[in-house]
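# Coordinate analysis (summary)
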Amino acid sequence: MGFERQVGWNCVRKTGCNQFDGAIAPSNLIYSWVKLLREFAISYIRKYLDLNFEIISDITNIESIAVGNSIREVERLRKTYGSGRWRKLKGIATILLNDGTVCTDELHWYEAHGIGKKEIKIKRILSE
């Protein structure tokens, strides 16, 4: 009963039971494991795969995605780069990949006045 009570398995075994009586739902456990796995995969990709690129044109069609506290990672940005009015932006630019491919991509990045562009990422390849 102890373990089943913690994760809410006895409620799952009952038919028609929709409440967990304060126990942790199995779906929440799965969600937390998926979140940890996603964070590990992202850090692995950034660390071991060479995804460097060079922007060879001006960034056009710049749009604001989020400003200030509506950015999920604003606390990390402030801690890493300093305080400022952080904005998450997106735009389109022509880039040169490490393998010599030139393509037009949608880029996302963070920016603050006096700090500049940080963490530029390729989000979508528009044309090669």
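Remember, predicted model here, so these are calculated numbers, not experimental data.

Across the eleven residues that make up strand β4 (residues 102-112), a large majority, nine, are buried. Two elements, strand β3 (residues 87-97) and β4, share ten bridges in a ladder whose sense is antiparallel. Note on β4: the bridge partner recorded for Arg87 is Glu111. The hairpin formed by β3 and β4 contains four residues between the paired strands, and Gly100 there has a positive phi angle of roughly 95°. Following β4, the chain reverses through three residues before pairing antiparallel with strand β5 (residues 116-127); Gly114 in that reversal takes a positive phi of roughly 85°.

On average, the chain scores 77 in pLDDT, and the residues at 70 or more come to 70%. Mean pLDDT per element in the chain: helix α1 (residues 2-7) is the minimum at 44, and strand β2 (residues 60-67) is the maximum at 94. A low-confidence stretch, residues 1-15 (pLDDT under 50), is modelled with 23 contacts involving residues beyond four sequence positions or located in other chains.

Among the structural elements, Glu106 can be located in strand β4. Note on Glu106: relative accessible area 10%, which makes it buried. Of the polar contacts made by the side chain of Glu106, one reaches the side chain of Arg124; its length is 2.3 Å. When sequence neighbours within four positions are dropped, the list of residues in contact with Glu106 reads Lys90, Gly91, Lys121, Ile122, Lys123, Arg124 and Leu126.

Phi at Asn61 is positive, roughly 50°, even though this residue is not glycine. In this fold, Asn61 is placed in strand β2. Phi at Glu119 is positive, roughly 55°, even though this residue is not glycine. Assignment of secondary structure puts Glu119 in strand β5. Exposure remark for Glu119: the relative accessible area of 25% places this residue in the partly exposed category.

What follows concerns the pattern of salt bridges. Per the counting criterion, the structure on display carries six salt bridges. The salt bridge involving Arg76 is made with Glu73; its shortest N-O contact spans 2.4 Å. Since its relative accessible area comes to 33%, Arg76 is described here as partly exposed. When its relative accessible area of 32% is taken as the criterion, Glu73 is described as partly exposed. In this structure, the salt-bridge partner of Glu111 is Arg87, at a minimum N-O distance of 3.1 Å. Of this pair, Glu111 sits in strand β4 while Arg87 sits in strand β3, and the two are 24 residues apart along the sequence. Residues joined by salt bridges that share partners form a network here, namely Glu73, Arg76 and Glu119.

The rules behind each value
- Residues numbered from 1 in each chain as written.
- Predicted model: local features only at pLDDT ≥ 70, side-chain atom pairs only at ≥ 80, totals over all residues.
- Heavy atoms only, no water.
- Buried < 20%, exposed > 50% of the residue type's maximum accessible area, 1.4 Å probe, protein only.
- Helix = DSSP H or I, 4+ residues; strand = E, 2+ residues; numbered from the N terminus.
- Pairing = 2+ DSSP bridges.
- pLDDT = per-residue confidence, 0-100.
- Contact = heavy atoms within 4.5 Å.
- Polar contact = N/O pair within 3.5 Å; in protein donor to acceptor, adjacent residues only side chain to side chain.
- Salt bridge = Lys/Arg side-chain N within 4 Å of Asp/Glu carboxyl O.

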